[in-house]
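Given next are the chains, with one letter for each unit.
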Amino acid sequence: MTREELFRAVGEVREDQIADAAEMPNKAAPRWRRYGALAACLAVVLAGAFGVSRLGIGGASDQETVQESADAPAAPQYSVGAEIREIDSSGWSWGGLFNGGASSDASLAWLDPEEILAMDTTIFRGTVTGLRYYEVTLGGGTSCYTVASVEVSDCLRGDLAAGDTYNVLYAGIPGRMSTSISGDLENLEVGSEAVFMPYPATADTGWRSGDDYFCYADLAELYMDEGRRFLFLETGEGVSYATEVYDIPAADGETVTLDDVTAYLRGLLEQ
């Protein structure tokens, strides 16, 4: 690096000083003075660069990094006119089930397993690692939702990676669900293991009230509008599922396990 380049790197040096430096006789200076000055200048340049980095110029700021790593969902990106508020388990306020998506009649219509698997669902096995509860006010009405964080152990259909955690949204809160629709969703707790069959949440999945819109994707990557036939829950005494729909053989001839469920579903998916 020339003397002129070094001055410009440090900054705030006038052009006449740079010109004077260029015309200075090339006398041999003591080694310690030459290298000491160079080290000091480099220290100033590096300190300036570090300060720029800390301010977030040219890269992600500290605040952005914290936001990206936070477990809580970001501010709504797709919802319009919806008030979304997280609530704790001691202060329930109940509004109702999903106000959109498939109706309960459609959800409980008779379908065989092949027809159910033909739906655009993701299918995976995983363990619940957390539960959060939300109150959504839209168009003068209020509904409550649960978001289950689930760590995937095996993905049967979809592009979910084993070991990653995904959020699954469903209507209602414990003790305030329509069990004819929710099935074992009401019994999910931290540590529960199950096979889930949720739909992907996109910018177009949600429900509207006039011009207002609540989008499921603002709370989770996946959602379930029915748990009865789309959830297979390990209870400790076997798997709870819609036995009137699925004829799952038990490997031991007695109790159906989640291994039996995944083998059964894979067999149907391969047909």
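Scoring rules and cut-offs
Residues numbered from 1 in each chain as written. Predicted model: local features only at pLDDT ≥ 70, side-chain atom pairs only at ≥ 80, totals over all residues. Heavy atoms only, no water. Salt bridge = Lys/Arg side-chain N within 4 Å of Asp/Glu carboxyl O. Helix = DSSP H or I, 4+ residues; strand = E, 2+ residues; numbered from the N terminus. Buried < 20%, exposed > 50% of the residue type's maximum accessible area, 1.4 Å probe, protein only. Core = buried A, V, L, I, M, F, W, Y, C linked by side-chain atoms within 4.5 Å. Contact = heavy atoms within 4.5 Å. Pairing = 2+ DSSP bridges. Expected span 1.5 Å × (residues − 1). Phe/Tyr/Trp six-rings, centres within 6.5 Å; stacked < 30°, edge-to-face > 60°. Lys, Arg positive; Asp, Glu negative; His and termini not counted. Polar contact = N/O pair within 3.5 Å; in protein donor to acceptor, adjacent residues only side chain to side chain.

For the rest of this paragraph, the subject is the pattern of salt bridges. Between side chains of opposite charge, a pair can form as their charged atoms come close. Taken as a whole and assessed by the stated rule, the structure comprises 6 salt bridges. In this structure, the salt-bridge partner of aspartate 259 is arginine 125, at a minimum N-O distance of 2.7 Å. With a gap of 134 residues between them, aspartate 259 in helix α8 (residues 258-270) and arginine 125 in strand β2 (residues 123-138) connect regions that are remote in the sequence. The exposure class of arginine 125 is buried, given its relative accessible area of 15%.

Below, the discussion takes up the environment of proline 76. Here proline 76 is to be found in the loop between α4 (62-69) and β1 (83-87). For the pair proline 76 and alanine 217, spaced 141 residues apart in the sequence, the C-alpha separation amounts to 8.7 Å.

In summary, soluble globular proteins display a tendency toward joint burial of nonpolar side chains. With 57 residues, the main nonpolar core has Phe124, Leu169, Phe196, Phe214, Phe232, Tyr246 and Leu265 as its most contacted residues. Elements that contribute at least two residues to this core include exactly α6 (113-117), β2, β3 (141-157), β4 (165-171), β5 (193-196), β9 (222-224), β10 (231-234) and α8. No other element matches β3, which puts 7 residues into this core. Beyond its immediate stretch of four places on either side in the chain, phenylalanine 232 contacts Glu193, Ala194, Val195, Met197, Val239, Ser240, Tyr241, Tyr246, Ile248, Leu258, Val261 and Leu265.

Glancing now at the pairing of strand β7 (residues 206-209). With 4 bridges joining them, β7 and strand β8 (residues 212-215) adopt antiparallel strand pairing. Among the inter-strand pairings, glycine 206 is bridged to a residue of β8, identified as cysteine 215.

Turning our eyes to something else, we now look at the environment of tyrosine 241. In this fold, tyrosine 241 is placed in the loop between β11 (239-240) and α8. As for tyrosine 241 and valine 195, which are separated by 46 residues in sequence, their C-alpha atoms are 9.9 Å apart. If we ignore the near neighbours within four places in the chain, the residues touching tyrosine 241 are Asp184, Leu231, Phe232, Tyr246, Ile248 and Val256.

Attention shifts here to α8. Counting along an α-helix, one turn takes 3.6 residues, and residues three or four places apart therefore face a common direction. A rise of 1.5 Å per residue sets the reference length of α8, with its 13 residues, at 18 Å; its end C-alpha atoms lie 18 Å apart and thus fit the reference within 8%. Buried within α8 we find Leu258, Asp260, Val261, Thr262, Tyr264, Leu265 and Leu268. Along its buried surface, α8 packs onto α6, β2, β3, β5, β10 and β11.

Taken as a whole, this structure holds 10 aromatic pairs when the rule is applied. When the ring of tyrosine 145 is compared with that of phenylalanine 214, the centres are 5.3 Å apart and the planes differ by 50 degrees; the resulting orientation is tilted. On the criterion of sequence distance, the pair formed by tyrosine 145 in strand β3 and phenylalanine 214 in strand β8 is long-range, its members being 69 residues apart. On the accessibility criterion, phenylalanine 214 (0% relative accessible area) is buried. Pairing tyrosine 216 with tyrosine 223 gives two aromatic rings, centres 4.8 Å apart and planes at 50 degrees, and the pair type is tilted.

This brings us to the environment of aspartate 212. Mapped onto the secondary structure, aspartate 212 falls in strand β8. Of the residues examined, aspartate 212 reaches a relative accessible area of 24% and is grouped as partly exposed. As for aspartate 212 and alanine 82, which are separated by 130 residues in sequence, their C-alpha atoms are 6.5 Å apart. Among all residues touching aspartate 212, those that are not within four sequence positions of it are Val80, Gly81, Leu138, Gly139 and Trp207.

Right, let's get into the pairing of β3. Where β2 and β3 come together, 15 bridges link them in antiparallel fashion. What sits directly across from arginine 125, in β3, is aspartate 154. Between the end of β2 and the start of β3, which pair antiparallel, lie 2 residues, with glycine 139 showing a positive phi angle near 60 degrees. Pairing geometry for β3 and β4, over 7 bridges, is antiparallel. Residue threonine 146 lies in a different strand from β4, and its bridge partner there is tyrosine 170.

Okay, the side chain of aspartate 218 next. With respect to the secondary-structure elements, aspartate 218 resides in the loop between β8 and β9. No salt bridge forms around the buried aspartate 218; measuring N to O, its nearest opposite-charge neighbour arginine 208 is 11 Å away. From its side chain, aspartate 218 meets the backbone nitrogen of glutamine 77 in a polar contact 2.7 Å long.

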